[in-house]
Amino acid sequence: MQLFYNPNIDETTETFSFDKEESKHIIKVLRKKDSDTLFVTNGSGCLFETEITLASESKCTVKVISFEKKPASKFHLHLAVAPTKMNDRFEWFLEKATEIGINEITPIICDRSERKVIKNDRFDKIILTAMKQSNELYLPKLNEAVTFKEFLKRENDGSLLIAHCEETDKKTLKQVLKPNESVTMLIGPEGDFSEKEIALAIENKYVPVSLGNTRLRTETAAIVACHSIVFFNEE
């Protein structure tokens, strides 16, 4: 199934048109024509079966034939991850985490962060493309970058976890995870969180956890955490 995206449709929509860029792709590149079927999601769990009524490169219009609603996951997975020095490594994380089933991502700027300026435009496109390619119906939320201290001030539900490499007392994910409970996890930069940041997180009720016996790159640690939590909650 090839999946298209339109955020402005819902269960009450009967007809709608794609924007010029998407219309040109559908008609000129994919060579779709009148009466062809397109499957569309709004990124909020709905899958629409539609039929092309106007095969125009400037304004492809469709009518909704049917739709179904996929239930949301019973838990919310939010990873707060320090952006990597090389953008392509963070982009790889965004793509794979979307395929796995993450719900929310916040880039965090830490004491040892090598990248402190984040532009979300390209990141948003990567997440959207990954959602469509993996036939996911829920679009993960990408927040604006914030400092580590600012993030800790925010209220998050469920288990609060911080993964770091310091040789201190840490629990395994198996020890702290509970079925269908939301999770917020902090993943630090290549140089790891500073001791001050770790102490501050613990003061804010974040539990230190280990992601294994080897030292992982930031994007690898984030993917290991994402997959482990989603896999743990599979029925």
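Thresholds, definitions, all that
Residues numbered from 1 in each chain as written. Predicted model: local features only at pLDDT ≥ 70, side-chain atom pairs only at ≥ 80, totals over all residues. Heavy atoms only, no water. Salt bridge = Lys/Arg side-chain N within 4 Å of Asp/Glu carboxyl O. Helix = DSSP H or I, 4+ residues; strand = E, 2+ residues; numbered from the N terminus. Buried < 20%, exposed > 50% of the residue type's maximum accessible area, 1.4 Å probe, protein only. Disulfide = S-S within 2.5 Å. Core = buried A, V, L, I, M, F, W, Y, C linked by side-chain atoms within 4.5 Å. Contact = heavy atoms within 4.5 Å.

S.K.: Could you give an account of the pattern of salt bridges, naming the residues involved and the relevant values?
M.R.: According to the stated counting rule, one finds eight salt bridges in the structure shown. Put simply, Arg 89 and Glu 190 hold a salt bridge, and the shortest N to O gap is 2.7 Å. Taken together, the positions of Arg 89 in helix H2 (residues 87–100) and Glu 190 in the loop between strand E12 (183–187) and helix H6 (195–203) put the pair 101 residues apart, joining distant regions of the chain. Since its relative accessible area comes to 18%, Arg 89 is described here as buried. When its relative accessible area of 31% is taken as the criterion, Glu 190 is described as partly exposed. One salt bridge connects Arg 89 with Glu 219, and the closest N-O pair in it is separated by 3.0 Å. In this pair, Arg 89 sits in helix H2 while Glu 219 sits in helix H7 (residues 218–232), placing the two residues 130 residues apart along the sequence.

S.K.: An account of the state of the cysteines is requested, with residue identities and associated values reported.
M.R.: Applying the stated criterion across every chain, the model contains zero disulfides. Free of any disulfide, Cys 165 has its nearest cysteine sulfur in Cys 110, 13 Å distant. Under the relative-accessibility criterion, Cys 165 is labelled partly exposed at 31%. Take Cys 226: it sits in no disulfide, and the sulfur closest to it among the cysteines is that of Cys 165, at 18 Å.

S.K.: I'd like a description of the nonpolar core, backed by residues and values.
M.R.: Core analysis: the largest hydrophobic core is formed by 32 residues, its most contacted members being Leu 77, Leu 79, Phe 93, Leu 94, Leu 161, Met 185 and Ile 187. Contributions of two or more residues to this core are made by strand E6 (77–81), H2, strand E7 (104–109), helix H3 (120–133), strand E10 (159–163), helix H5 (173–176), E12 and H7. A total of seven residues in this core trace back to one element, the largest contributor, which is H7. In contact with Phe 93, other than residues within four places in its own chain, are Leu 79, Val 81, Ile 105, Glu 219, Ala 222 and Ile 223.

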